[in-house]
Amino acid sequence: MKTVNIGLIGAGDISLLHAEAIRRCQGAQLLGLWNKTDGLAEEKSKLFGCKKYASAEALLADPALDAVFVLTALEAHQQYTLMALQAGKPVLVEKPVGRSVAEIESMQQAAKQAGVLCMPGHNYIYEAGVMRAKELMEEGKLGDLVSIYVLYNIHHPEAVAARYPGVIRHIMTHHAYIMLYLAGRPTRLSAMKSVIHYEQITQEDLAMVTLQLENGGLAHFCASFAADDHAGDPWTMMIKIIGTKGATRFSYRDWVENKPATVHSQTYAAYPYSIYQEVEYFVHRCLGQRAAPLSSLDDAIIAQKIIDAAERSAAEQRHIDLI
Ligand SMILES: NC(=O)c1ccc[n+]([C@@H]2O[C@H](COP(=O)([O-])OP(=O)(O)OC[C@H]3O[C@@H](n4cnc5c(N)ncnc54)[C@H](O)[C@@H]3O)[C@@H](O)[C@H]2O)c1
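Residues numbered from 1 in each chain as written. Predicted model: local features only at pLDDT ≥ 70, side-chain atom pairs only at ≥ 80, totals over all residues. Heavy atoms only, no water.

Visitor: Help me understand the domain arrangement of the chain in this model?
Guide: Interface size is commonly expressed as the accessible surface area that is lost when the partners come together. In terms of domain boundaries, the chain breaks down into domain 1 (4–121) and domain 2 (125–274 + 304–321). Taken over C-alpha atoms, the centre of domain 1 sits 26 Å from the centre of domain 2. On the domain 2 side, the residues contacting the 13 residues of domain 1 number 14 residues. Both faces combined, the contact of domain 1 with domain 2 buries some 1100 Å², and carbon together with sulfur accounts for 62% of it. Summed over the shared surface of domain 1 and domain 2, the result is one salt bridge. Put simply, Arg163 and Asp13 hold a salt bridge, and the shortest N to O gap is 2.8 Å. At the surface where domain 1 touches domain 2, the tally comes to three residue pairs in polar contact (both at pLDDT 80 or more). (Domains from an automatic or database assignment. Contact = heavy atoms within 4.5 Å. Buried area = accessible area lost by both parts, 1.4 Å probe. Salt bridge = Lys/Arg side-chain N within 4 Å of Asp/Glu carboxyl O. Polar contact = N/O pair within 3.5 Å; in protein donor to acceptor, adjacent residues only side chain to side chain.)

Here is the structure:
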């Protein structure tokens, strides 16, 4: 297989993990990047040992480039994803894929028209333990689904949280695609949110959602930037599935280094590995073997509908039907 040359549009915090994922991925190479603020582009291109392009247009015009990762802030995902697809470059776009269902549909349409892949950055499901849980579910080894829990409790300083939307949109997008992958579609939901530790930001730093699934089972989501959970058997990031014939779980706490990682108070190795595995899958399975991603733009659209409904449910204090 020829080396897959990758370009990054956006070089903020998450580019550190994507650059490392590309470095670890045999047969892939980080060719260059562009970032809106030139200082950061300069710093990151030196750090990663890659080219710095003068503009997104210049990056996309490079015939040596085989694929593009769109890693900008959410509000610019649609613009750069459409530009890359129209330039005929396969795209990996970070989550949440778009700000609205319409934005994601426009990317889906552009990918179809260009005949190239647009893969959502739904990284958590590319971990081996999560893929095994899916296999056990599909083979009926856990029986009928009773309940699925996706729990996230990682403190984030207010200055960092200010760069993102509230935890429903920013964090629960992960919960939504994880549930779609492991347990299927929900029929309705009910959400509550709160602001516990922010002093300036008005968007939520804590949210919980209960969802009913098509088979009648229930899902429970918790997303919190308000506090860490360092208790015994902590719920830092956990997926638990209970079926009529068996149960399983995946936890960030199965791999911990006693040092901070960017804003996380400890290093939860499963998190960077989820991005390494996602990039590996993108390069080797999707580009190399034409396999479909584990989570598609259709899933991103349903995930977005869940997020929109959760925000509406919390605001209007009522259940929302999804179908
Ligand atoms: N998959 C995950 O686990 C995970 C974790 C963190 C962040 N993310 C996602 O990655 C994306 C980037 O997050 P980050 O933590 O790197 O944020 P960041 O604030 O560190 O970086 C965002 C970058 O986007 C650029 N940018 C902002 N507005 C732009 C615009 N209008 N046009 C072009 N560029 C623009 C900024 O210059 C900055 O370099 C977000 O979509 C976020 O949701 C995913």
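Visitor: Would you explain the side chain of Lys44 in this entry?
Guide: Summarising the element assignment, Lys44 is placed in helix H2 (residues 38–48). Notably, Lys44 is buried but unbridged: the nearest opposite-charge side chain belongs to Asp13, and the N-O separation is 5.2 Å. There is a polar contact of 3.4 Å between the side chain of Lys44 and the side chain of Ser15. Contact partners of Lys44, with chain neighbours within four places excluded, come to Ala11, Gly12, Asp13, Ser15, Leu16 and Leu33. (Helix = DSSP H or I, 4+ residues; strand = E, 2+ residues; numbered from the N terminus. Buried < 20%, exposed > 50% of the residue type's maximum accessible area, 1.4 Å probe, protein only. Lys, Arg positive; Asp, Glu negative; His and termini not counted.)

Visitor: So what exactly am I meant to see when it comes to a nonpolar patch on the surface here?
Guide: A surface patch of nonpolar side chains, about 210 Å² in accessible area, is lined by Val146, Tyr149 and Ile242. In this fold, Tyr149 is placed in strand E7 (residues 145–153). Under the relative-accessibility criterion, Tyr149 is labelled partly exposed at 31%. (Patch = residues over 30% accessible without salt bridge, like charges linked within 9 Å, V, L, I, M, F, W, Y side chains within 5 Å. Areas by Shrake-Rupley, 256 points an atom, 1.4 Å probe, with all protein chains shown as cover.)

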